[in-house]
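Listed here are the chains, written in short residue letters.
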Amino acid sequence: WDKPMNDCRGLQLRRVVVCAGAGHFGSVHAGYIRETNESVAIKIINKDVVMTLADMIGVEQEIRALKCLSQHPNIVRLVEVVNAPAHVILVTPY
């Protein structure tokens, strides 16, 4: 399955290749950036799922931690965060 992600600003240059996993709040897809051919993991968190305040805080903490620790050699680098109307999308190297 090779589907362009044109529904979210900032992700027009990415293509989803395969769903790598799914959970209660969303899914993780393997894909690549078209311009550089870099493999990426695209974590899509669905805002439409009923999330508790603790869940929302957890997502915010994950984003803050990845941003702060992105230069650490043992922590995955956060390539991009997209806050779309229905989703929060985290893009990291794959």
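**Concerning the overall build of the chain**
A count of helical and extended segments in the chain gives one helix and six strands. In the chain, the succession of α and β elements from N to C terminus is β-β-β-β-α-β-β. Counting only residues that meet the buried cut, the chain has 31% of its 94 residues in that class. For the chain, contacts bridging at least 24 residues in sequence account for 40% of all contacts bridging at least 6. In the form shown here, the chain has an accessible surface area of approximately 5900 Å², with 57% of it arising from carbon and sulfur atoms.

**Some remarks on the confidence of the model for the chain**
With 84% of its residues at a pLDDT of 70 or more, the chain has an overall mean of 80. When pLDDT is averaged over each helix and strand of the chain, the minimum, 44, is found for strand 1 (residues 3-4) and the maximum, 90, for helix 1 (residues 53-68). Low pLDDT, under 50, characterises residues 1-9; the predicted model gives this stretch 27 contacts beyond four residues in sequence or across chains.

**Side note on helix 1**
Between its first and last C-alpha atoms helix 1 spans 22 Å; for 16 residues at 1.5 Å apiece the expected length is 22 Å, and the two agree. Regarding helix 1, the residues found buried are V59, I63 and L66. The arc that holds the buried residues of helix 1, viewed along the axis, is 70°, so those residues lie on one side. Residues L53, A54 and C68 are exposed on helix 1 and point more than 90 degrees away from its buried face. Summarising the contacts, the buried residues of helix 1 are in contact with strand 4 (39-46), strand 5 (80-83) and strand 6 (87-93).

**Some thoughts on the pattern of salt bridges**
One pass over the full model with this rule turns up two salt bridges. As a salt-bridge pair, E38 and R77 come within 3.0 Å of each other at their nearest N and O atoms. Here R77 lies in the loop between helix 1 and strand 5 and E38 lies in the loop between strand 3 (26-33) and strand 4, a separation of 39 residues in the sequence. Exposure remark for E38: the relative accessible area of 25% places this residue in the partly exposed category. According to the relative accessible area criterion, R77 is partly exposed, its value standing at 38%. For the salt bridge of K43 with E62, the shortest nitrogen-to-oxygen distance reads 2.9 Å. Of this pair, K43 sits in strand 4 while E62 sits in helix 1, and the two are 19 residues apart along the sequence.

Conventions and cut-offs
- Residues numbered from 1 in each chain as written.
- Predicted model: local features only at pLDDT ≥ 70, side-chain atom pairs only at ≥ 80, totals over all residues.
- Heavy atoms only, no water.
- Helix = DSSP H or I, 4+ residues; strand = E, 2+ residues; numbered from the N terminus.
- Buried < 20%, exposed > 50% of the residue type's maximum accessible area, 1.4 Å probe, protein only.
- Contact = heavy atoms within 4.5 Å.
- Areas by Shrake-Rupley, 256 points an atom, 1.4 Å probe, with all protein chains shown as cover.
- pLDDT = per-residue confidence, 0-100.
- Expected span 1.5 Å × (residues − 1).
- Arc of directions from axis to C-beta.
- Salt bridge = Lys/Arg side-chain N within 4 Å of Asp/Glu carboxyl O.

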